[in-house]
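Each chain, letter by letter, is given below.
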Amino acid sequence: MNIQNILTEIEKTDPEVYERMDSRRGAMQSFLRIGGKLALAAIPIALGGMFKKAYGQSAPNIVAVLNYALTLEYLEAEFYTMGAASGVVPAGTPGVGAINTIRDHENAHVSFLKTAIASLGGQAVAKPTFDFTAGGAFGNVFTNYDTFLAVAQTFEDTGVRAYKGRAGELMGNNDVLTAALQIHSVEARHASHIRQMRKARGANVKPWITGKDTGGIGAAVQASYNGEELTTQAGIDIAAIVNANAASESFDEPLTAAQVLAIVDPFIV
Amino acid sequence: MEKEIVTRQAEGQQGNGMPRRKFLAALGLSVSAAAAITACSKDDNPGGGPPPGSIDLGRDDTGILNYAYALEQLEAAFYGQVALTPYTGITAAESQLLADIRDHEVSHREFFKKALGNKAIPGLEVNFTTIDFTNRASVLGVAKAFEDLGVSAYNGAGKLITNVDYLLLAGKIVSVEARHAALIRDLISNGSFADNTVINANGLDVASSPADVLTAAKPFLKSVLWGGNLPTS
């Protein structure tokens, strides 16, 4: 990508582009200053942000969605960071590597989203104070492996639904939308693996969500699964094509921001 | 000077083993434009339209839905064959999981067929001659390739969709494909559900352009797909 060419092209249609950005050199320095700190994938977002700032077009709702995502990633990142450090995952088992992998992804998501928000000229929300016992509902979350995995499954499945629910609001920015989708599928991979980890420990659960079944976790997390039982998509009766379980499993359902915030509220002090 | 710095950064990234395609994708650029030009320069397609005998996926959202329909047809046919001729030594648990996945892919395939109605492309002819369906490693290796490809295809197609309802539907499907991908990977090697061959340092999964996905799918199809009218941005 040649930033000089991009600026030259813009100059053809907007001779005052450099005044908007101080100068061509200023624009380049601005880009390099941002770019130097950025992961490569965030550069298009940064570029978009730079031009949006120059043209006075902010993206308040896109920043709001990214801050929403950031809040969920803070939750997951701290959960796995604390979990990995707590010794709740039995030493010498494959679970250690898996939880470390997921922890690293969630922390990478936090860092990526913060960068993206800053690039858009937005202000990243601060990390909330978390209580992973949810006020005592999961009191042994960092001492009982099954509780830990149950909370992990709930966070992952909820995260998948949360991203899905707000992707449409990102349609105005292709790079942000694509990045959100790229995070969304990672959360789904995590969910699949955590579910298999629970299955290996005797839970009656599959990598995918059947109906609105919590996989034996119970009422405390039911809100994260309500609505997943849908078997009609765009007016098409999927249960007429395959059995009802497969019909619900084959489509994951979104959650609204209000639903997600109600779900995570007990975990935020 | 600034230009040189940008160039060096780019080369540094490529030097670190990031393929050109991924590198371009990371920058938010698409290779499809370049690919389209290449395609047009080929002798078998002088007019720039679909080559004789090929299936035109179409344009706009309909084109993207047909593109997804084509991929779901491929996956459904594959898992259908796996269910008909299970590989040697398959366990009951694996059999059940693979039957579930087959049902999910059939669900997706038929959903798109119905949703597209008379705009749907025809049923595709597959070419699975390179797959040894008696061999676990062969079957799961192809399953992994198809699932990762499906995830990257939906991730890359999201920005090409203009109707927000279709975007949501694609989102409902892609996370199920990602669940499949993780499971298949874990069946091959436990713990590889989201390894660094698919997840980059920012924790992002792969997003691929239709042009790249169609190229990857081509060896498994007797039918020839043409995506020259698909949106590229």
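Residues numbered from 1 in each chain as written. Chains lettered and ligands numbered in written order. Predicted model: local features only at pLDDT ≥ 70, side-chain atom pairs only at ≥ 80, totals over all residues. Heavy atoms only, no water.

Under an unreviewed UniProt entry, the name given to chain B is Ferritin-like domain-containing protein, and the organism recorded is Chitinophaga barathri.

An unreviewed UniProt entry lists chain A under the name Ferritin-like domain-containing protein, with Chitinophaga barathri given as the organism.

## Some points on helix 8 (residues 174-200) of chain A
Residues and elements named next belong to chain A. Applied cut-off: The way it works is that DSSP assigns letters per residue, a run of H or I at least four long becomes a helix, a run of E at least two long becomes a strand, and they are numbered from the N terminus. Expected helix span is taken as 1.5 Å per residue step, with the number of steps being one fewer than the number of residues. The buried label applies to any residue whose accessible area, calculated with a 1.4 Å probe on protein chains only, is under 20% of its type's maximum; exposed applies above 50%, and partly exposed to all values in between. Whenever a nitrogen or oxygen atom comes within 3.5 Å of another N or O atom, the pair is scored as a polar contact, on the condition that within protein one atom can donate a hydrogen and the other can accept it, and that pairs from neighbouring residues in sequence are kept only if both atoms are in side chains.
Over its 27 residues, helix 8 extends 39 Å from the first C-alpha to the last, a length consistent with the 39 Å expected when each residue adds 1.5 Å. Of all the 27 residues making up helix 8, 23 are buried; the element is thus mostly covered by neighbouring parts of the structure. Two or three places before Asp175, at the opening of helix 8, Asn173 has a side-chain oxygen 3.1 Å from that residue's backbone nitrogen. Gly202 lies just past helix 8 and shows a positive phi near 105°.

## Quick look at the packing of aromatic side chains
The criterion, for reference: Ring pairs shown here join Phe, Tyr and Trp side chains whose ring centres sit within 6.5 Å, with only the six-membered ring taken for Trp; geometry is labelled stacked below 30 degrees between planes, edge-to-face above 60, and tilted in between. Only Lys NZ and Arg CZ are tested; either one counts as a charge over a ring when it is within 6 Å of the ring centre and within 35 degrees of the ring normal.
Scanning the model with the defined rule gives 20 aromatic pairs over all chains in all. Between Phe111(B) and Phe112(B), the ring centres sit 5.4 Å apart and the planes meet at 65°, which makes this aromatic pair edge-to-face. Across the pair, exposure class does not vary: Phe111(B) and Phe112(B) are buried alike. Over the ring of Tyr68(A) we find Arg166(A), and its NZ or CZ is 4.7 Å from the ring centre.

## Examining the pattern of salt bridges
Let me state the cut-off plainly: By salt bridge we mean one thing: a side-chain nitrogen of Lys or Arg within 4 Å of a carboxyl oxygen of Asp or Glu.
Taken as a whole and assessed by the stated rule, the structure comprises 18 salt bridges over all chains. Salt-bridge contacts for Glu253(A) lead to Lys172(B); the nearest nitrogen and oxygen are separated by 2.7 Å. A residue pair is termed interchain when its members come from two chains, as with Glu253(A) in the loop between helix 9 (244-249) and helix 10 (257-264) and Lys172(B) in helix 7 (residues 164-188). For Glu253(A), a relative accessible area of 4% translates into the label buried. Owing to a relative accessible area of 7%, Lys172(B) belongs among the buried residues under this scheme. The partner of Arg109(B) in a salt bridge is Glu110(B), with the nearest N and O atoms 2.8 Å apart. On the accessibility criterion, Arg109(B) (24% relative accessible area) is partly exposed. Ionic contacts of the salt-bridge type, sharing partners, join the residues Arg189(A), Asp148(B), Arg185(B), Asp195(B) and Asp205(B) into one network.

## Comments concerning the packing of helix 5 (residues 60-86) of chain A against helix 10 of chain A
All names here are of chain A. Selection rule: In this description, a line fitted to the C-alpha atoms serves as the axis of each element, helices being fitted only across the stretch in contact, and the angle between N-to-C directions of two axes falls anywhere from 0 to 180 degrees. Roughly parallel means an angle under 35 degrees; roughly antiparallel, over 145; roughly perpendicular, 65 to 115; everything else is oblique. A crossing counts as left-handed when the near helix is turned anticlockwise from the far one by less than a right angle, and as right-handed when that turn is clockwise. Should any heavy atoms of two residues lie within 4.5 Å, those residues are considered in contact. Only Asp, Glu, Lys and Arg are considered charged in this grouping, and only Ala, Val, Leu, Ile, Met, Phe, Trp, Tyr, Cys and Pro are considered nonpolar; every other residue, Gly among them, is considered polar.
The geometry of helix 5 relative to helix 10 is characterised by a closest axis approach of 12 Å and an angle of 25° between their N-to-C directions. It follows that helix 5 is roughly parallel to helix 10 by the angle criterion. Once helix 5 is placed against helix 10, the crossing between them reads as left-handed. Across from Tyr68, Leu72 and Leu75 in helix 5, the residues of helix 10 making contact are Ala257, Val260, Leu261 and Val264. Per-class residue counts for the contact of helix 5 with helix 10 are 7 nonpolar, no polar and no charged.

## Some remarks on the interface of chain A and chain B
Note the threshold: We define buried area as the total accessible area lost by two parts upon association, computed with a 1.4 Å probe and summed across both.
Each partner contributes to the interface: chain A provides 66 residues, whereas chain B provides 64 residues. Regarding the contact of chain A and chain B, the summed buried area is about 5300 Å², with carbon and sulfur atoms giving 67% of it. The interface formed by chain A and chain B includes 6 salt bridges. With a shortest N-O distance of 2.9 Å, Arg189(A) and Asp148(B) are connected by a salt bridge. Remark: the boundary between chain A and chain B carries 23 residue pairs in polar contact (both at pLDDT 80 or more). For the side of chain A that touches chain B, the leading source of residues is helix 8 of chain A, giving 19 residues.

## Structural notes on the packing of helix 4 (residues 60-84) of chain B against helix 6 (residues 136-157) of chain B
Residue and element names in this part refer to chain B. Between helix 4 and helix 6, the shortest axis-to-axis distance is 11 Å and the interhelical angle comes to 165°. The angle between helix 4 and helix 6 places the two elements in the roughly antiparallel class. Of the two elements, helix 4 crosses helix 6, and the hand of that crossing is left-handed. Contact with helix 4, carried on its side by Ile64, Tyr67, Ala68, Leu71, Glu72, Leu74, Glu75, Phe78, Tyr79 and Val82, involves Val139, Val142, Ala143, Phe146, Glu147, Ala153, Tyr154 and Ala157 of helix 6 and no other residues of that element.

## What to know about helix 6 of chain B
Residues that lie three or four places apart on an α-helix share one face, since the helix turns once every 3.6 residues. Residue and element names in this part refer to chain B. Taking 1.5 Å as the rise per residue, helix 6 with 22 residues should run 32 Å; its terminal C-alpha atoms sit 31 Å apart, in good agreement. For helix 6, the buried fraction is high: 17 of the 22 residues fall into the buried class. Between a side-chain oxygen at the N-terminus of helix 6 and the backbone nitrogen of Ala137 the separation is 2.9 Å; the capping residue is Asn135.

## What about unusual backbone geometry?
One non-glycine residue, Ala234(A), lies in the positive phi region at around 50°. Within the fold, Ala234(A) resides in the loop between strand 1 (232-233) and strand 2 (236-237). For Asp60(B), which is not a glycine, the phi torsion comes out positive at approximately 55°. Mapped onto the elements, Asp60(B) comes out in helix 4.

## A word on the nonpolar core
Considering soluble globular proteins, one finds that nonpolar side chains tend to be buried as a cluster. Basically, it comes down to this: We call a set of buried residues a nonpolar core when its members are Ala, Val, Leu, Ile, Met, Phe, Trp, Tyr or Cys and they connect through side-chain atoms within 4.5 Å of each other.
The biggest cluster of nonpolar side chains holds 131 residues, and the ones touching the most others in it are Phe79(A), Phe148(A), Tyr67(B), Phe78(B) and Phe112(B). Considering each element in turn, this core owes the most residues, 13 residues, to helix 5 of chain A. Those residues within four positions of Phe112(B) in sequence are excluded, and the remaining contacts are Leu65(B), Ala68(B), Tyr69(B), Glu72(B), Tyr154(B) and Ile173(B).

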